[in-house]
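# Coordinate inspection notes
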Amino acid sequence: MNSQAEHARAQDLERRIRVYEDMEKEDEWPGALSATDYVAITLMTLVLVVGFYLWGY
Amino acid sequence: MASHDVDHGLEAERGDTPLLPSERMWGFWEFSYANSALAIATWAFLIGGATALFVGPREGIAAIVIGNILGVLLATFATCVPCGKYGTEQFTFLRSMFGSNGSRLVYVLAVVFLTMGWLAVLGLMFGRSIDGLSGLVSAHQTDANGGLALASGTFAIVLTAIVVAKGPTSIKVFNTVVAPALVLIMGVMLYMILGKHSFAELMALPALDAPFDDKRVNFMIAVEVNMAAGFSWWPYIGNLARLSKNQRTAFWPNVIGIFAAAALGEVVGLLAAAALGNSDPTIWMTHIGGLVFGVIALGFVAFANVTSMINILYTSIVGLRQLAGRKLREMSWSLLVVLFCVVPVLIVCFAPGIYDGFFIFLVWTSALNSALAGIGIADYFFLRRQRLNLRHLYAAEAQSPYRYWKGFNPIALSALVVGFAVYVLVFNPQTLANTTLFSFISASLPSCLLAGLVHYGLTRVLAQRLGWGAYPNSDAGTIRTLDLDARSYSND
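## Re the overall build of chain B
- Secondary structure summary: chain B contains 22 helices and zero strands in total.
- Over its C-alpha atoms chain B spans a radius of gyration of 22 Å, differing by no more than 12% from the 23 Å that the globule rule assigns to 492 residues.
- Its C-alpha atoms give chain B principal-axis dimensions of about 70 × 55 × 40 Å.
- Buried positions account for 63% of the 492 residues belonging to chain B.
- Expressed as a percentage of contacts within chain B between residues at least 6 apart in sequence, the contacts between residues at least 24 apart total 85%.
- Here chain B has roughly 16500 Å² of accessible surface; of this, 67% comes from carbon and sulfur atoms.
- The positive charge centre, built from 29 side chains, and the negative charge centre, built from 26, are 10 Å apart in chain B.

## Overview of the environment of Ser-22 of chain B
All names here are of chain B.
- Topologically, Ser-22 is positioned in the loop between α1 (8-14) and α2 (28-39).
- Looking at Ser-22, the relative accessible area reads 69%, which means it is exposed.
- Each C-alpha atom of the pair Ser-22 and Gly-289 lies 46 Å from the other, and the pair is 267 residues apart in sequence.

## Considering the pattern of salt bridges
- As enumerated under the stated definition, the model contains 11 salt bridges over all chains in all.
- Among the salt bridges present, the one from Arg-18 of chain A reaches Glu-14 of chain A, with a minimum N-O distance of 3.1 Å. With a gap of four residues between them, Arg-18 of chain A and Glu-14 of chain A both fall in helix α1 (residues 4-26), about one helical turn apart.
- One salt bridge in this structure joins Arg-384 of chain B and Asp-379 of chain B, with 3.0 Å as the shortest N-O distance. Neither residue differs from the other here; Arg-384 of chain B and Asp-379 of chain B are each classed as buried.
- When salt bridges that share partners are traced, they join Asp-12, Arg-15 and Arg-16 of chain A together with Glu-23 of chain B into one network.

## Let's talk about the interface of chain A and chain B
- Facing 40 residues of chain A, the contacting portion of chain B comprises 54 residues.
- For the pairing of chain A and chain B, the buried interface totals around 4200 Å² over both sides, and the portion due to carbon and sulfur atoms is 64%.
- Inspection of the region where chain A meets chain B yields five salt bridges.
- Of the charged contacts, one joins Arg-391 of chain B and Glu-14 of chain A as a salt bridge, the two residues approaching to 3.1 Å between their closest N and O atoms.
- Between the two partners, chain A and chain B, sit 17 residue pairs in polar contact (both at pLDDT 80 or more).
- Of all elements in the fold, only α1 and α2 (35-56) of chain A reach the threshold of two or more residues within the side of chain A that touches chain B.

## Re the packing of helix α18 (residues 358-383) of chain B against helix α20 (residues 410-426) of chain B
Residues and elements named next belong to chain B.
- Contact pair α18 / α20: the axes reach a minimum separation of 9 Å and the direction vectors enclose 140 degrees. Taken together, the axis directions place α18 and α20 in an arrangement best described as oblique. Both α18 and α20 take part in a crossing whose hand is right-handed. Residues Val-363, Trp-364, Ser-366, Ala-367, Leu-368, Ser-370, Ala-371, Leu-372 and Ile-375 of α18 pack against Ala-412, Ala-415, Leu-416, Gly-419, Phe-420, Tyr-423 and Val-424 of α20.
- Class assignment of the residues belonging to the contact of α18 with α20 gives a composition of 13 nonpolar, three polar and no charged.

## Concerning the nonpolar core
Residue and element names in this part refer to chain B.
- Among the nonpolar cores identified, the biggest contains 145 residues, and Trp-43, Phe-98, Trp-118 and Trp-234 are the most heavily contacted of them.
- For this core, the element with the most residues is helix α4 (residues 57-86), which contributes 16 residues.
- Core analysis: the second largest hydrophobic core is formed by 30 residues, Ile-64, Met-186, Ala-273 and Ile-288 among them.

## A word on helix α8 (residues 147-165) of chain B
- Taking 1.5 Å as the rise per residue, α8 of chain B with 19 residues should run 27 Å; its terminal C-alpha atoms sit 27 Å apart, in good agreement.
- Along α8 of chain B, the residues that are buried comprise Ala-149, Leu-150, Ser-152, Gly-153, Thr-154, Ala-156, Ile-157, Thr-160, Ala-161, Val-163 and Val-164 of chain B.

## With respect to a nonpolar patch on the surface
Residues and elements named next belong to chain B.
- The grouping of Leu-335, Leu-339, Val-342, Leu-346 and Phe-350 at the surface amounts to a nonpolar patch, some 500 Å² of accessible area in total.
- Among the secondary structure elements, Phe-350 is positioned in helix α17 (residues 333-350).
- Residue class for Phe-350 comes out exposed when judged on its relative accessible area of 68%.

## Comments concerning α2 of chain B
- Here α2 of chain B is 12 residues long and its end C-alpha atoms lie 16 Å apart, about the 16 Å a rise of 1.5 Å per residue gives.
- Taken as a whole, α2 of chain B has its buried residues at Phe-31, Ser-32, Ala-34, Asn-35, Ser-36, Ala-37, Leu-38 and Ala-39 of chain B.

## So, the side chain of Asn-226 of chain B
Residues and elements named next belong to chain B.
- Its location among the elements puts Asn-226 in helix α11 (residues 215-231).
- According to the relative accessible area criterion, Asn-226 is buried, its value standing at 0%.
- Once you skip the residues sitting within four places of it in the chain, Asn-226 turns out to touch Ile-47, Thr-51, Ala-63, Ile-64, Gly-67, Asn-68 and Glu-266.

## Points about the confidence of the model for chain B
- In the predicted model, chain B carries a mean pLDDT of 86, and the fraction of residues at 70 or more is 90%.
- In the model, residues 486-492 of chain B has pLDDT below 50 throughout and makes 40 contacts with residues more than four positions away in sequence or in other chains.

## Topic: a negative patch on the surface
All names here are of chain A.
- Judged by side-chain charge, Asp-22, Glu-26, Asp-27 and Glu-28 come together as a negatively charged surface patch.
- Counting through the fold element by element, Glu-28 comes out in the loop between α1 and α2.
- Using a relative accessible area of 51% as the deciding quantity, one classes Glu-28 as exposed.

## Here we look at the packing of aromatic side chains
- For the structure on display, the rule yields 26 aromatic pairs over all chains.
- On the basis of an interplanar angle of 90 degrees and a centroid distance of 5.1 Å, the ring pair of Phe-28 of chain B and Trp-29 of chain B is categorised as edge-to-face.
- A residue is classified by how much of its surface remains accessible, and Phe-28 of chain B, at 29% relative accessible area, is partly exposed.
- Using a relative accessible area of 53% as the deciding quantity, one classes Trp-29 of chain B as exposed.
- In this structure an aromatic cluster arises from ring pairing among Tyr-38 of chain A together with Phe-77, Phe-93, Phe-251, Trp-252, Tyr-380 and Phe-381 of chain B.
- Sitting above the plane of the Tyr-57 of chain A ring, Lys-215 of chain B keeps its charged end 5.5 Å from the centroid.
- Geometry around Tyr-471 of chain B places Arg-384 of chain B over its ring, the cationic atom sitting 3.9 Å from the centre.

Basis of the calculations
- Residues numbered from 1 in each chain as written.
- Chains lettered and ligands numbered in written order.
- Predicted model: local features only at pLDDT ≥ 70, side-chain atom pairs only at ≥ 80, totals over all residues.
- Heavy atoms only, no water.
- Helix = DSSP H or I, 4+ residues; strand = E, 2+ residues; numbered from the N terminus.
- Rg over C-alpha atoms; globule rule 2.2 N^0.38 Å.
- Buried < 20%, exposed > 50% of the residue type's maximum accessible area, 1.4 Å probe, protein only.
- Contact = heavy atoms within 4.5 Å.
- Areas by Shrake-Rupley, 256 points an atom, 1.4 Å probe, with all protein chains shown as cover.
- Lys, Arg positive; Asp, Glu negative; His and termini not counted.
- Charge placed at Lys NZ, Arg CZ, Asp CG, Glu CD.
- Salt bridge = Lys/Arg side-chain N within 4 Å of Asp/Glu carboxyl O.
- Buried area = accessible area lost by both parts, 1.4 Å probe.
- Polar contact = N/O pair within 3.5 Å; in protein donor to acceptor, adjacent residues only side chain to side chain.
- Axes fitted to C-alpha atoms, helices over the stretch in contact; angles between N-to-C directions.
- Parallel < 35°, antiparallel > 145°, perpendicular 65-115°, else oblique.
- Left-handed = near helix turned anticlockwise from the far one by under 90°.
- Nonpolar A, V, L, I, M, F, W, Y, C, P; charged D, E, K, R; others polar.
- Core = buried A, V, L, I, M, F, W, Y, C linked by side-chain atoms within 4.5 Å.
- Expected span 1.5 Å × (residues − 1).
- Patch = residues over 30% accessible without salt bridge, like charges linked within 9 Å, V, L, I, M, F, W, Y side chains within 5 Å.
- pLDDT = per-residue confidence, 0-100.
- Phe/Tyr/Trp six-rings, centres within 6.5 Å; stacked < 30°, edge-to-face > 60°.
- Lys NZ or Arg CZ within 6 Å of the ring centre and 35° of its normal.

Given below as C-alpha cells:
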C-alpha cells in the first residue's frame with residue numbers, strides 16, 4: 001500500500017467482501033432466483049420457441 | 001485524494017469493487033426502463049428490416065421471437081445471474097474463468113473494439129435520422145454521408161459522453177423518461193401499419209430478397225440474425241444488472257427490455273419493410289404516419305440511439321477501470337469517458353462506411369458472444385455451482401488461484417477458440433455459406449454448447465491437477481477457501 005487512498009479502498013473492499021461472506025455463511029440471499037423462477041424460465045422459453053415455430057414455420 | 005473525500009459507494013458504482021445490496025439503485029421497473037432504453041434504437045428496426053429480406057412476415061415474427069429469447073437468455077444466464085448476486089463488475093467476475101489477463105483480453109476483444117464500433121454505428125444512425133428529419137421539414141437534400149449526418153453523429157457521441165460523465169443517476173433519469181415514450185411510439189407505429197394493411201394481408205407477404213431456394217435455410221438465417229442480436233448484449237448487460245437490487249431484479253427485466261421491447265421494435269421494422277419494401281426507418285416512418293407523425297417518431301428514434309449509446313458506454317467504462325488497475329482507476333471518470341469517445345468520433349468523421357456493414361458486423365459478434373456465454377454458464381452454474389469466492393476474485397494476481405498460467409486460463413481460451421471456429425465452420429457470416437447442421441440448429445447454439453462442454457470437460461480433467469481456479473471437487477460440492485488477504489488491490 002503506498003497511499004492513504006489505497007489503504008481506504010482496501011478497507012472498503014474488505015468490508016464489502018465480508019458482507020457477502022456473511023450472506024454466504026447464513027445462506028441468506030434476499031431476492032435470489034429460486035427453483036420456481038428456473039421452472040418459469042424453462043416453461044416460458046419452451047412455449048415461445050415451440051409455439052412460434054409451429055405458428056410461423 | 002484524501003481518504004475522507006472518497007465516496008466508496010460512488011467508487012463501487014463506477015469501479016470494480018462489489019456493490020452491496022443496499023447501494024444498488026435499480027428496482028424491477030427501473031432496470032426494465034434501462035433495459036428497454038438500451039434495446040430500442042434504430043438497430044431494432046434495421047434487424048427487423050434485415051429479417052424481411054430472408055423470410056416473409058409470419059416466419060419473420062417467429063424468427064424474431066425464437067432467436068431473441070434464446071440469445072437473450074443464454075447471454076443473461078452467463079452475466080446477469082452472477083453479477084446480480086454478488087454485485088461484481090462483469091469483467092472482474094470474468095477473472096474466475098479466464099484469469100486476470102484473460103479477462104483483459106476478452107474485454108479488449110468483446111468491448112473495446114465492439115463498443116467503439118457500436119458507438120460509431122449508433123452515432124451514424126442518429127446522424128442519418130436527423131438528416132432524414134431535416135429533409136422532411138425543409139428543402140434540404142438528404143445525404144447519408146453528408147456534413148449534417150456526420151456532424152449530428154458526432155453531436156450524439158458528445159451528448160452521450162456528457163450524460164455518462166455524470167454517472168448512473170443521470171442515466172436512470174434519462175432512461176425513465178425516454179423508454180416508456182419509445183415503447184408508446186412503437187405501439188402507435190404498429191397500430192398504423194395494421195391500419196393500412198390487414199394482419200392476414202401482411203402475413204401473406206413474401207420475403208423481399210430470399211438468398212436461397214431452401215426455405216429452411218432462409219428461416220434459420222433469420223433466426224441466426226436475431227440470435228446474434230440477443231447474444232450481442234453479453235458485453236454490456238452484466239454491468240447494468242449489478243446496479244439492480246437483487247438477483248431476481250437483475251434477471252427478469254431482461255425479458256421485458258432486451259427481449260420484448262427489442263422484439264417489438266424488430267417486428268415493427270419487419271412489417272414496415274415487408275409492407276413498404278424499404279427497411280430504412282427514415283423513409284417508411286413518413287409513409288406510415290404522414291409528415292407530422294414521421295417527424296415526431298423520427299426525432300424520438302434518433303434520441304433512442306443516444307439512450308442505447310449511453311448504456312453501452314457506461315458499462316464499457318466500468319469494465320475499462322479494471323483493465324489496467326491502479327492507473328486507470330485513479331484517472332477521473334470524466335476523462336476516461338472522453339478518451340473512450342475519441343475513436344468513435346474519428347470513425348464517424350472519417351469512416352462512415354462502417355454503417356453499411358452493420359449486419360455482417362452484428363453476426364460476426366455472435367461467433368464470439370455465443371462461445372463466451374457457453375463458457376460462462378459452464379463455469380458459474382456447473383463447475384462453481386453458483387458460488388464465487390470474492391476473496392479469490394480480488395486477491396493480488398500473484399496470490400490468486402485465478403492467476404492460472406501467467407494470468408491466462410488456457411482452458412477457457414481454448415474453449416473460446418473452439419466455439420468461434422465451430423460457429424464459422426457451421427455458418428460463415430460473410431458469405432452466408434452454411435452446412436446442413438446449420439439449417440436445424442443454427443450456428444450460435446452449437447458454438448455456445450461446444451465451448452461450454454470443452455471448458456467443463458478440460459477443467460474437470462486438468463484444472464484440479466494443475467491447481468488452477470480453486471474449483472470445488474466434483475463429489476464434495478464445497479469450495480476451497482485459501483484465506484487470501486483481499487486487502488490487496490485487484491490488478492496491481
